[in-house]
Amino acid sequence: MATQPATIDLLELSPDFVRDPYPVYARLRADGPVHHVRTPDGEETWLVVGHEACRTAFTDPRLSRDWRHAGDISQIINADQDHPALAHMLMSDPPDHTRLRRLVARAFTPRRIEALAPRIQQITDELLDAMEANPERRADLVDAFAFPLPMTVICELLGVPELDREAFRGWSNEMVARTSPEAEAAVYEAMPRYLSQLIDAKRAAPGDDLLSAMILAVDDGDRLSPAELIGMCVLLLIAGHETTVNMIGNGMRALFAHPEQLAGLRADLGLLDGAIEEMLRYDGPVETCTERLALEDVEMGGVVIPARSTVLIAMADADRDPARFEEPDRFDIRRDARGHIAFGHGLHYCLGAPLARLEGRIALRSLLERFPGLRSDADEAKLSWVPGMLIRGVRELPVRW
């Protein structure tokens, strides 16, 4: 018989949850795949843990992403129900999702991504040059490298002018981890207004960039609407850099904490591709999925998730499940980490995963080659973390060489 569990306060289970959620997730997983929890920011939601349960939840059509048509958007975001910033494929179900992804995929091709490699290398080298010029031989790796690299790449890919990127940084930070409902509402007003003007400029004078390609993309006479173009820009901008920022930051933290693994990678950079997959599995950049909406009562693992409830899928826990990965809390760059779901699973698998992996390969190889003595200069107890349960990463990572 299905049961209705008591609400579990994650911070009561561990005051250190934001910094290290993995022991809490493991404890929950041992008791079952579904729990009603209170998050660190005080919200109540249903949480799915465990590798198999998370994969199943990602493909369950009763757990919807179409908040605009099937739910109340104010349940998760301080924005209007029909806001253009939300008119993208991550906020839709089939058949709308199928249509939107097909149109965007026509512009966001593997060939376009691979062609970025020389420019990504150039940006990487310039950022490392600036780091190396510091006579103190110290830097904040996030601010000096992990953040500006993917932000520059995605802005150039979309065709966003150089002078506007600092504003984009603030908008993105607020959208993934809001500081207040008022600040969130202000961002949802400012960002679409700017993007609408940028889209109009690209229509008048198309360039060799992804936004121009999306404007021109046609599938059997179908095109992205003005609102959908805004929504896809918002999605690509945020997903296009947040993942890589924290993949680099979390990956380097893991290497610093396991010096034998760092030494092994430095000695054989042929291990890099596997190391990146292990970084994604061990401490990936996305902790939980974007919120799902239960369209009806959903029973999982003997627990009923009531209709209209918000549901989070704990990707971070799925990739630490001993039922899928042997000794999952051990960081091992030689492990076969395939099967992790750091980029999601099913219909909403991250379209930008190839770009994130390409940036990660270039960034980490160049960083380790340029700074063979690179080491952590961080006091772990004093590091500040991205708030919330969506993005997993630190705001700064002091290093020296």
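See above for the structure.
Note that this is a predicted model, so its numbers are computed, not measured.

J.: What is the right way to read the sheet that holds strand β9 (residues 310–313) from this model?
T.: Backbone hydrogen bonds are what pair the strands of a sheet, in a parallel or an antiparallel way. Pairing in this open sheet of six strands is mixed, and the strands run β1-β2-β3-β9-β6-β4 from one edge to the other. Pairing within the sheet leaves two strands with one partner each, and these edge strands are β1 (8–9) and β4 (63–64). Pairing analysis gives five bridges linking strand β2 (residues 34–38) to strand β3 (residues 44–48), with the strands arranged antiparallel. In the strand pairing of β3, Val-37 is matched with Thr-45. Helix α2 (residues 22–31) contacts β1, β2 and β3 of the sheet and is inclined by roughly 140° relative to β2.

J.: Looking at this model, I keep getting lost on the sheet that holds strand β5 (residues 138–140). Mind explaining?
T.: The antiparallel open sheet is built from three strands, whose spatial order is β5-β11-β10. A single partner strand is all that each edge strand has here, and the edge strands are β5 and β10 (375–376). The pairing of β5 with strand β11 (residues 398–400) spans three bridges and is antiparallel. Paired with Ala-139 across the two strands is Val-399, which belongs to β11.

J.: Looking at this structure, I do not really get the nonpolar core. What am I missing?
T.: Grouped burial of nonpolar side chains is what soluble globular proteins tend to show. One finds Leu-158, Met-214 and Met-252 to be the most contacted residues of the largest nonpolar core, which totals 107 residues. Among the nonpolar cores identified, the runner-up in size contains 20 residues, and Cys-54, Val-298, Met-300 and Val-303 belong to it.

How each quantity is defined
- Residues numbered from 1 in each chain as written.
- Predicted model: local features only at pLDDT ≥ 70, side-chain atom pairs only at ≥ 80, totals over all residues.
- Heavy atoms only, no water.
- Pairing = 2+ DSSP bridges.
- Helix = DSSP H or I, 4+ residues; strand = E, 2+ residues; numbered from the N terminus.
- Contact = heavy atoms within 4.5 Å.
- Axes fitted to C-alpha atoms, helices over the stretch in contact; angles between N-to-C directions.
- Core = buried A, V, L, I, M, F, W, Y, C linked by side-chain atoms within 4.5 Å.
- Buried < 20%, exposed > 50% of the residue type's maximum accessible area, 1.4 Å probe, protein only.

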